[in-house]
Amino acid sequence: MEAQSGLYRSLLDGRRMLIVLDNVNHARQIRPLLPASPSCQVVVTSRSRLSGLAAREGASRVSLNPLSAADATELLRQIIGTARVEEEPGAHAALAHRCVNLPLALRVAAERVAAHPQSRLADLVEELDVERNRLNVLATDDDETTVVRTVFSWSYRALQPETAQAFRLLGLHSGSDLDAQAAAALIGTTVTEAKRLLGLLSSVCLLEEGGRDRYRFHDLLRIYATELAEAEETETIRKDAILRLLSWYLHSTDAADRILMPQRRHVSLEPAHPDHPPRSFSTHGQALDWCEAELPNLIGAIRQAADLRFHEIAWKLPNALWSYFYLRKHWADQLAVLEIGVHAAELADDPNGKAENLVILGLALRDLHRTDQAISVLEESLAMVRACSASRKRSPATNKPSASPVRSTTAGEKPTHCTTPVTLTTAYGGSKRPSLITRKPSTSARTSTTGRAKHKPCTNSAHATSAWPGQRRHANSGTRPWLSSRTSAHLKQKRPAASSTGALLHDGAMDGGRRQRISAAHDQVLISKTQALGERNLM
């Protein structure tokens, strides 16, 4: 090899030559082919960054991005013809989008249309809409080098085994992009190792850097990675990887939720995976920014959890997003994920989870002024709460926690205060809205002869009312300043004198946590339903 390289350089010495070295994998492949004469220039094409070549030989790197929308349209015009492209103005843009503006994919697609004069661009777009078939459509029968899948495989085959597996598992991610922590959970490694693997995949153009510590696939590479994962990884490995990621998203969202609205009740979670701790937030702004950046991924995670029958995650994640949706008002997204959450809780046979999501869904519908729908949803939730309390009353000996207990402490955390709910009105949109908060026990609390605790009235808020569980069910509108007189009258008519929930509150066979949970859910539904009725009456 050294003798051949020496002869090659001797022949080029003193000549003006332009040498093109195509499809290079590693710098060591081409170093013997680099001429020593300054009169020669070399152009190297590669899907790798060839950082060593730039560092040692002083090569200048030029990154080639996908075509712009205008350039993609011009390429289609050159191959298909201007007339046919202009006949379907929307279809040619959709075709370029399905091909992610990659020149090779666009050329293959355009040649298919040009070869069939009677076919339409819209027909090909419809074929490409089916993701599982997209790479098959972007293939030619007579030239393997022009098959998009084959071109991708050249980069994939050059990967080390652990990097190749990381590429495959990343294809299971259902969102738009991800960071190193999410990737570590999905791959099943440390954050440091995940960063290294992400960097390697980015260096060979199998991933794109989408910002600081964020990476993404374009659509065709994501489909290719998913194909490889389904072909080369067992179902168990795939499901375990997805479950690690979904659990990480759930715990991270719950951490953000506790910062955004610490006073509300939160779903309880199993402890996070010790090797993949969730995100932590120290400020309200950090939590809000993280939810904003991750929203497409969180929506994708909810849908993926539902598709794979991870029902508990599918209903708890929409619940954990409530504070964010309350602040940012992404109504369409919230309604969509809550419907998934309600259905998932139903499939999980978790009436408490279903009731929780129905309450939040009713609140969202109420805020959208869809009052009839809000009332219907809240009535369904109220019926479920009453059914749950009646069921527990019929079997008082059962003293096991429910399938989805709700409490205000994270898993493993020691509660430092009483979690008895207090009704608190908060300003929202020019009106007063209720929320349930936790309250520290009064130093003067004592047990009366009837077994009920007495507490000092809450004095830490101008809007607080001394409405404890036993009082709220019998309070008049004077303790609820946000209720109109018409709404208060309706509440008095609708509310039974002795509900099943109220009776169960003093059932000695039930633990205090479940009594509190049923009471809180019952009151929250009654309040929300009453407000929706009041708004409808005022319209």
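Residues numbered from 1 in each chain as written. Predicted model: local features only at pLDDT ≥ 70, side-chain atom pairs only at ≥ 80, totals over all residues. Heavy atoms only, no water.

Trainee: Would you explain the overall build of the protein chain in this entry?
Mentor: Of regular secondary structure, the protein chain possesses 25 helices and eleven strands. Out of the 539 residues in the protein chain, the part that is buried amounts to 47%. The long-range fraction of contacts in the protein chain, counting pairs at least 24 apart against all pairs at least 6 apart in sequence, stands at 66%. Of the roughly 27100 Å² of accessible surface on the protein chain, 52% is carried by carbon and sulfur atoms. (Helix = DSSP H or I, 4+ residues; strand = E, 2+ residues; numbered from the N terminus. Buried < 20%, exposed > 50% of the residue type's maximum accessible area, 1.4 Å probe, protein only. Contact = heavy atoms within 4.5 Å. Areas by Shrake-Rupley, 256 points an atom, 1.4 Å probe, with all protein chains shown as cover.)

Trainee: Any chance you could explain helix α8 (residues 121–128) here in plain terms?
Mentor: Three- or four-residue spacings in an α-helix give side chains the same orientation, since the helix completes a turn every 3.6 residues. All buried positions along α8 are accounted for by Leu121, Leu124, Val125 and Leu128. Viewed end-on, α8 has its buried residues packed into an arc of 105°, placing them on one side of the element. (Arc of directions from axis to C-beta.)

Trainee: It is not clear to me how the sheet that holds strand β5 (residues 214–216) should be interpreted in this structure. Could you clarify?
Mentor: The pairing of strands in a sheet happens through backbone hydrogen bonds and is either parallel or antiparallel. Read across the sheet, three strands follow the order β3-β5-β4 without closing on themselves; strand pairing throughout is antiparallel. Here the strands that pair on one side only, and so sit at the sheet edges, are β3 (178–179) and β4 (208–211). Bridge analysis of β4 against β5 gives three bridges, and the strand direction is antiparallel. Residue Gly211 lies in a different strand from β5, and its bridge partner there is Arg214. (Pairing = 2+ DSSP bridges.)

Trainee: Please clarify how the packing of helix α11 (residues 161–170) against helix α12 (residues 180–187) should be interpreted in this entry.
Mentor: A pair of packed helices is characterised by two quantities: the angle between their axes and the separation of those axes. Between α11 and α12, the least distance of the axes is 9 Å, while the angle of their chain directions is 100°. In terms of their interaxial angle, α11 and α12 are classed as roughly perpendicular. The residues of α12 that touch α11, namely those facing Ala166, Leu169 and Leu170, are Ala183, Leu186 and Ile187. (Axes fitted to C-alpha atoms, helices over the stretch in contact; angles between N-to-C directions. Parallel < 35°, antiparallel > 145°, perpendicular 65-115°, else oblique.)

Trainee: I would appreciate a short explanation of the nonpolar core in the present structure.
Mentor: Side chains of a nonpolar character, in soluble globular proteins, are inclined to be buried together. With 92 residues, the main nonpolar core has Leu95, Phe167, Leu170, Leu220 and Tyr249 as its most contacted residues. Top element by residues in this core is helix α16 (residues 284–307). It accounts for ten residues. Not counting residues up to four positions away in its chain, the partners in contact with Leu220 are Arg98, Cys99, Val100, Leu102, Ala105, Arg134, Leu135, Leu138, Val148 and Phe152. In this structure, Tyr326, Val359, Val377 and Val385 belong to the second largest nonpolar core, which totals 18 residues. (Core = buried A, V, L, I, M, F, W, Y, C linked by side-chain atoms within 4.5 Å.)

Trainee: Honestly, the pattern of salt bridges in this entry has me stumped. Any pointers?
Mentor: Where charged atoms from two side chains of opposite charge approach closely, those side chains can pair. Going through the model one piece at a time under the given rule, you end up with 28 salt bridges. Two residues, Arg132 and Glu230, come together in a salt bridge whose shortest N-O distance is 3.2 Å. With Arg132 in helix α9 (residues 131–137) and Glu230 in helix α14 (residues 219–232), the pair connects residues that are 98 residues apart, well separated along the chain. Look at Arg132 and you get exposed, because its relative accessible area is 59%. Note that Arg265 and Glu356 form a salt bridge whose closest N and O atoms lie 3.3 Å from each other. On the criterion of sequence distance, the pair formed by Arg265 in the loop between α15 (235–260) and β6 (266–267) and Glu356 in helix α20 (residues 351–367) is long-range, its members being 91 residues apart. We note that Arg265, like Glu356, is buried. If you follow the salt bridges from partner to partner, you end up with Arg31, Arg56 and Glu57 in one network. (Salt bridge = Lys/Arg side-chain N within 4 Å of Asp/Glu carboxyl O.)

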